[in-house]
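Each chain, letter by letter, is given below.
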Amino acid sequence: MDMILGHYNYWMVIIIMMAGFYTVISRGNLVKKIVGLNIFQVSVFLLYISIGNVKDGATPIIEKGVDLYSNPLPHVLILTAIVVGVATTALGLALVVRIKEAYGTIEEDDIHNQDQSL
Amino acid sequence: MIDNIVDITLLSLIAIHAVAIIRMRSLFAVVMLFSGFSFLSAGLFVVMDAADVAFTEAAVGAGISTVLMLATLALTYTPAEADKEEKAPTHKPWLPLSVVFITGALLIYGTYNLPGFGDPNAPSQLHVAPYYLEKSMPETGVPNVVTAVLASYRGFDTLGEVTVIFTAGIAVLLIIGGRRRVKSKIEKNGGDREA
């Protein structure tokens, strides 16, 4: 029971991560691929925050009378990662819009057909 | 105990959202489900004591990402095909499924040596984290340790982050900013929106 409760977070994070990975490699629609990439990304955030969590710890805002806090360093890392993640998402979506203009479609199969690259 | 129950419930809901996103065909529904997915993960961050991360995820992950994706849908599909669905996959799913299962099994095998969730004696809790928890208040005067590290101890890293966002913004403008010369059927103003 301890093993399950202690590792449940990690296992669910891996399941979510694999769901995102599957979306990226199996779906041909470019917007859906980017959604999959974002799911993958959020699962990594969840993993980091899970590692930083301390049982019965408080949110790391210093206050009198509280002496057990969660680890603030993963929070700092992930705060940066979320913002950078949105920047990359915006860039990816801009590329999707550009591809739509050039090819008239955002389905990977149709793009390969037009390029005769497969 | 109550923490554990909320944690398990939210994580399961997030996983259900992720699976639903795989199965959904309608792109609009996919984007909306992704927004819900982000909000649920923001809730989970609150349960796991990461208030700052939760704020950012709710505002940036669930808000701005969704708006950007909806804008992309608006720019790539004409109003007539607004409830456009993605094409059914032409390949059999066995190759990606097996890749995903093998990777997932290896990762789960790897978690067996990780310290348990919430273990106060895990190595990550004993390294430099106590230093910041003890010293950040007297050294910077900011009660929120995350803000103190982000803006004071690691201020230059945050400056670098701003540079990354600036670069991405410029790149977005370069990619779709000068596209008015391209003939188009619908009125498009994506360049302004991305900026």
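Whatever comes next refers back to the structure up there.
Residues numbered from 1 in each chain as written. Chains lettered and ligands numbered in written order. Predicted model: local features only at pLDDT ≥ 70, side-chain atom pairs only at ≥ 80, totals over all residues.

(A) Representation of helix α1 (residues 2–26) of chain A. Helix length check: α1 of chain A, at 25 residues, gives a terminal C-alpha distance of 36 Å against a target of 36 Å (1.5 Å per residue), a fit within 8%. At Tyr8 of chain A, α1 of chain A shows its largest kink, close to 50°. (Helix = DSSP H or I, 4+ residues; strand = E, 2+ residues; numbered from the N terminus. Expected span 1.5 Å × (residues − 1). Bend = angle between axes of the 7 residues up to and from the residue.)

(B) Summary view of unusual backbone geometry. For Asp56 of chain A, which is not a glycine, the phi torsion comes out positive at approximately 65°. As for its position among the elements, Asp56 of chain A is in the loop between α2 (30–52) and α3 (72–103). Accessibility expressed as a C-beta count within 10 Å gives 10 for Asp56 of chain A, which makes it exposed. You will see that Asp49 of chain B, though not glycine, has its phi angle at about 70°, which is positive. Relative to the assigned elements, Asp49 of chain B resides in the loop between α2 (27–47) and α3 (51–76). (Buried ≥ 20, exposed ≤ 12 C-beta atoms within 10 Å, placed from the backbone.)

(C) Region of interest: the packing of helix α1 (residues 2–23) of chain B against α2 of chain B. All names here are of chain B. Running from N to C, α1 and α2 point in directions that differ by 160°, and their axes come no closer than 9 Å. Here α1 lies roughly antiparallel to α2, going by the angle between them. Viewed along their axes, α1 and α2 form a crossing whose handedness is left-handed. Along the contact surface, α1 presents Asp3, Val6, Asp7, Leu10, Leu11, Leu13, Ile14, His17, Ala18, Ala20 and Ile21, while α2 presents Val30, Leu33, Phe34, Gly36, Phe37, Leu40, Ser41, Gly43, Leu44 and Val47. (Axes fitted to C-alpha atoms, helices over the stretch in contact; angles between N-to-C directions. Parallel < 35°, antiparallel > 145°, perpendicular 65-115°, else oblique. Left-handed = near helix turned anticlockwise from the far one by under 90°. Contact = placed C-beta atoms within 7 Å.)

(D) Inspection of the interface of chain B and chain A at higher detail. Every contact between the two is made by 82 residues of chain B and, on the other side, 73 residues of chain A. The element best represented in the side of chain B that touches chain A is α3 of chain B, accounting for 15 residues. Looking at side-chain class alone, the side of chain B that touches chain A contains 53 nonpolar, 18 polar and 11 charged residues. (Nonpolar A, V, L, I, M, F, W, Y, C, P; charged D, E, K, R; others polar.)

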